[in-house]
Amino acid sequence: MAPRGLVPLLAAAALAVAAGTLPPPAAAVACARLVATPPPRPVCTAPLTNATAINDAQFLGTHNSYHLAPADSILTLIRGLLGDATANTFTVSQAPLAEQLGPLGVRQLELDVMADPAGGEYAVPKLIGADLLGLVTKAGRGLPPRPAAEVAALREPGPKVLHVRDVDYWATVLTFRAAMAQVASWSASLGRRHSPVAVLVEVIEPRTDIPVIRQPLAWTAADFGALEAAILATVGRANVLTPADVRGAAPTLRAAVTTKGWPTLAAAAGKFLFFLDNGGALRDTYARLPAGGTERLFFTDRADETGHPDAAFVKLNNPSSPAAAARITDAVRAGFLVRTRADRDAVTGDTARRAAALDSGATFVSTDFPGVGRDGYSVSVGGGGGSRCRAPLDGRLPGSHPRVRIFNWSRLRWGGCCPTAGVVDLGLHARGVDRRTARAAAVFVLNKARSAMKQPRSVSPQCTGLVEEQH
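Just so it is clear, the model here is predicted, and its values are computed rather than measured.

Quick notes on the rules
Residues numbered from 1 in each chain as written. Predicted model: local features only at pLDDT ≥ 70, side-chain atom pairs only at ≥ 80, totals over all residues. Heavy atoms only, no water. Buried < 20%, exposed > 50% of the residue type's maximum accessible area, 1.4 Å probe, protein only. Helix = DSSP H or I, 4+ residues; strand = E, 2+ residues; numbered from the N terminus. Arc of directions from axis to C-beta. Contact = heavy atoms within 4.5 Å. Phe/Tyr/Trp six-rings, centres within 6.5 Å; stacked < 30°, edge-to-face > 60°. 1 Å grid on protein atoms, 1.4 Å probe; cavity = no way out; pocket = protein on both sides within 12 Å on 5 of 7 lines; lining within 4 Å. Points joined across faces, edges and corners; volume = space filled by probe spheres on them. Nonpolar A, V, L, I, M, F, W, Y, C, P; charged D, E, K, R; others polar. Pairing = 2+ DSSP bridges. Axes fitted to C-alpha atoms, helices over the stretch in contact; angles between N-to-C directions. Parallel < 35°, antiparallel > 145°, perpendicular 65-115°, else oblique. Left-handed = near helix turned anticlockwise from the far one by under 90°.

Q: Talk me through helix α10 (residues 253-260); I want residue IDs and the actual numbers.
A: Considered for burial, the residues of α10 that qualify are L253, A256 and V257. Taken around the axis of α10, the buried residues stretch over an arc of 85°, which confines them to a single face. Against the buried residues of α10 lie α9 (243-247), β8 (298-300) and α12 (322-334). Looking at the residues trailing α10, positive phi occurs at G261, about 95°.

Q: Tell me about the packing of aromatic side chains, and please be specific about residues and values.
A: Ring pairs (aromatic) are described by centroid distance and by the angle formed between their planes. Within the structure shown, the criterion is met by eleven aromatic pairs. Judged by centre distance (4.5 Å) and plane angle (45°), the ring pair of F275 and F313 falls under tilted. Placement of F275 in strand β7 (residues 272-276) and of F313 in strand β9 (residues 313-315) is noted, with a sequence separation of 38 residues between them. We note that F275, like F313, is buried.

Q: So, the layout of surface pockets: which residues are in play, and what are the values?
A: In this model, the largest pocket occupies a volume close to 830 Å³. What lines the largest pocket is a set of 35 residues, among which H163, V164, E202, I204 and R207 lie closest to the centre. Of all elements in the fold, only α3 (84-89), β4 (108-114), β6 (197-203) and β10 (337-341) reach the threshold of two or more residues within the lining of the largest pocket. Among the elements that line the lining of the largest pocket, the one with the most residues is β4, at three residues. For the lining of the largest pocket, the class distribution of residues is twelve nonpolar, nine polar and 14 charged.

Q: Outline unusual backbone geometry, supporting the account with residue identities and numerical values.
A: Non-glycine residue D345 carries a positive phi angle of around 55°. In this structure, D345 sits in the loop between β10 and α13 (351-359). Judged by relative accessible area, which is 33%, D345 ranks as partly exposed. One non-glycine residue, D375, adopts positive backbone phi at about 55°. Take D375: it is sitting in the loop between β11 (364-367) and β12 (387-389). Taking relative accessible area as the criterion, D375 reaches 68% and is therefore assigned exposed.

Q: Account for helix α2 (residues 72-82), naming residues and giving values.
A: Buried residues of α2: S73, I74, L75, L77, I78 and L81, and no others. G83, located one to two residues past α2, shows a positive phi value of around 95°.

Q: How would you summarise the pairing of β6 if you had to cite specific residues and measurements?
A: β6 sits mainly inside the fold: six of its seven residues count as buried. Inspection of the sheet shows β4 paired to β6 by six bridges, in the parallel sense. Residue pairing across strands places Q108 opposite A198, the latter belonging to β6. Pairing between β6 and β7: five bridges, direction parallel. What sits directly across from V201, in β7, is L276.

Q: I'd like a description of the packing of helix α7 (residues 176-189) against helix α8 (residues 221-234), backed by residues and values.
A: The interhelical angle for the contact between α7 and α8, taken along N-to-C directions, is 30°, at an axis separation of 9 Å. The angle between α7 and α8 falls in the class roughly parallel. Handedness of the crossing formed by α7 with α8: right-handed. Here F176, R177, M180, A181 and A184 of α7 lie close against α8, whose contacting residues are L227, A230, I231, A233 and T234. Grouping the constituent residues of the contact of α7 with α8 by class yields eight nonpolar, one polar and one charged.

Okay, here's the thing in structure tokens:
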């Protein structure tokens, strides 16, 4: 009988290259037989099904989903104030929110919001110190005044949607309440028959590193309350999947997502999930808000403390390095929803980063360039449909918890290349898996098995050559 600790180890190894699309493989060892038993719930395969859990899917998202590029005259001013690199990040224009959710298939939006409890704080852009740089007169020539309707909207009390005060303030929607009304209207137009939509909200704090620009107002508990009030007044509580909904009867939210898991797409159909895209003091201020008879609506980013009882969502924006991608994969494997970015700073052409983001298994892959993109670069998920089953995590099929039964383990022998007893045939190369991947999987299984049985020597790749010959 195999050592007890070896069973889950071989379970992961035997599925290491199954890619989520193959039936449970029978893994034959010359003198042993590994049989993967059916998972306890359906495995996510393309296309998505109603039984797919939210955390087993991957969704297309947009970065700064509200953003419009400033007028050329303002871009000239920005270049003078903040430099070319920063100005270039402001050149992206996104489609209206409903168009992103509809034709583009986006299922994760991101909104930057600034506190404005009295209204009017951001209605009239104004630069401080710009005259000292000799830029205002030149840049302001021909700049049209802000339309009266926009000014009126910005004078209403409540959080506003904009990127950088006084400088980068063009947007497809100007108030948070109007943004919520737009997505709620889109949802209602479909009879709420759509997959769940994630809305990331980043509250913008005052900064000290850009002294030439007026800073936004600091956030208070009342401002967070205004965010939730806007959601309840437009989207409605019945159409929000809250932390309490996901937690259910579990002792903590973290316990719920790491054991029971997230709701299925069918259970979450027509729902919106809200995530606070801030860590540190702002997140803690929100988390400390008294319930006051109203449950909290936002999941909070716990990338810095995944052991926290409220941990369910983590923001890991950079998937570029192997270590970063592995951290994303580990978080998804644990049951967390993860947001990452396929590109940054409006830079196109970094296909390696795009591939790393998609392959990491992250739940939400954000981009500045959905749809047609720019300069031949764009990001899509699921062949342009906006969602798909996420990539397998080191071979663990999404949603599966495979078990392995081992027969005749005592007859498995080791020695040299072990041409008869030490060759693992996973049956993967015959199913379309490339030889290099099949060989790596075979070596993985043998070495892990050898380690568990306290065998001293590793198996070299050459020992798996017979696997290929057997097909």
